[in-house]
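# Chains, contacts and geometry: an overview
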Amino acid sequence: GVWRKNREKVLDRYLKYPVVRTAISTKKGNEYYDKYPNCSFLPIFARHELIPGLSNFGAGLYVEDSRSSTEFHSPARRFYEMLSAGLPMAFQPESRNMLAAAGCDVSRYVVEGAVDVQRFLKRSAAFSKEQAAEWRAPYRDHVRQELKKAMRKMRENI
């Protein structure tokens, strides 16, 4: 992702001294390279490679900047990308409240720091299934059904 200074403290907890092999997908020359030399770096995935590419990893880490943890923001796009790829997600503790406001209870998947990531990975296959069951839905079908209902109602009123 893109380097953001206001995420630095949070990212340090997970990336400064990772306990497991850790990769960061970012553009070359990004500040991550200097800040987290114990991580490996991958170029940003092309759109058509994103979901298949993400599915090759053991887990993803969802972090927010301090502002996102205090003001309501809908879940970041990376949440939906990782969910679509079937990638089990670990969450920083501060993200719990805003994600709960969006209807996602992430309490079982919270990791405090790098050591917790290692523990999370031991159950990652089960977590992936749980997260998919809880947060995936046929949204496209729901939208189509709602659209059809709205069109029927419009026709009735004409």
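Residues numbered from 1 in each chain as written. Predicted model: local features only at pLDDT ≥ 70, side-chain atom pairs only at ≥ 80, totals over all residues. Heavy atoms only, no water.

### Quick notes on the pattern of salt bridges
What counts is decided by this rule: One speaks of a salt bridge when a side-chain nitrogen belonging to Lys or Arg is within 4 Å of a carboxyl oxygen belonging to Asp or Glu. Numbering of helices and strands runs from the N terminus, with a helix taken as a DSSP run of H or I at least four residues long and a strand as a DSSP run of E at least two residues long. Only protein chains enter the accessibility calculation, which uses a 1.4 Å probe. A residue is then buried if its area is under 20% of the maximum for its type, exposed if over 50%, and partly exposed in between.
This model, assessed by the stated rule, comprises 8 salt bridges. One salt bridge connects Arg-108 with Glu-130, and the closest N-O pair in it is separated by 2.8 Å. Here the residue Arg-108 occupies a position in the loop between helix H5 (96-101) and helix H6 (114-122), and Glu-130 occupies one in helix H7 (residues 124-135), the gap between them amounting to 22 residues. What makes Glu-130 partly exposed here is its relative accessible area of 26%. Residues Arg-144 and Asp-141 are paired through a salt bridge, measuring 3.6 Å at the closest nitrogen-oxygen approach. With a gap of 3 residues between them, Arg-144 and Asp-141 both fall in helix H8 (residues 139-157), about one helical turn apart. A relative accessible area of 47% means that Arg-144 is categorised as partly exposed.

### Describing the packing of aromatic side chains
Just so we agree on the cut-off: Two aromatic rings from Phe, Tyr or Trp, using only the six-membered ring of Trp, form a pair when their centres are within 6.5 Å; if the ring planes differ by under 30 degrees the pair is stacked, by over 60 it is edge-to-face, and anything between is tilted.
In this structure the tally under the stated criterion is 11 aromatic pairs. Measuring from centroid to centroid gives 4.0 Å for Tyr-33 and Phe-41, while their planes differ by 20°, and the two rings are stacked. Ring centres 5.4 Å apart and planes at 50° place the aromatic pair Phe-79 and Trp-135 in the tilted group. Of this pair, Phe-79 sits in helix H4 (residues 77-85) while Trp-135 sits in helix H7; the two residues are 56 residues apart in sequence, bridging distant segments of the chain. Residue classification places Phe-79 among the buried positions, given a relative accessible area of 1%. Taken together, the aromatic side chains of Tyr-62, Phe-79, Tyr-80, Phe-91, Tyr-109, Phe-120, Phe-127 and Trp-135 make up a single cluster linked through ring pairs.

### What about the environment of Ala-126?
Inspection of the secondary structure assignment puts Ala-126 in helix H7. On the accessibility criterion, Ala-126 (34% relative accessible area) is partly exposed. Here the alpha-carbon distance between Ala-126 and Pro-88, two residues 38 residues apart in the chain, equals 8.5 Å.

### Topic: the environment of Glu-130
Under the convention used in this document: Any pair of residues with heavy atoms lying within 4.5 Å of one another is described as a contacting pair.
Residues Glu-130 and Arg-21 lie 109 residues apart in sequence; the distance between their C-alpha atoms is 24 Å. What Glu-130 contacts, discounting residues up to four positions off in sequence, is Arg-108, Tyr-109 and Arg-123.

### Let's talk about the confidence of the model for the protein chain
Quick note on the threshold: pLDDT runs from 0 to 100 and stands for how confident the predictor is about each residue.
Across the protein chain, the average pLDDT comes to 90, with 97% of residues at or above 70. Here helix H2 (residues 32-35) is the element of the protein chain with the lowest mean pLDDT, 87, and strand S4 (residues 89-91) is the one with the highest, 98.

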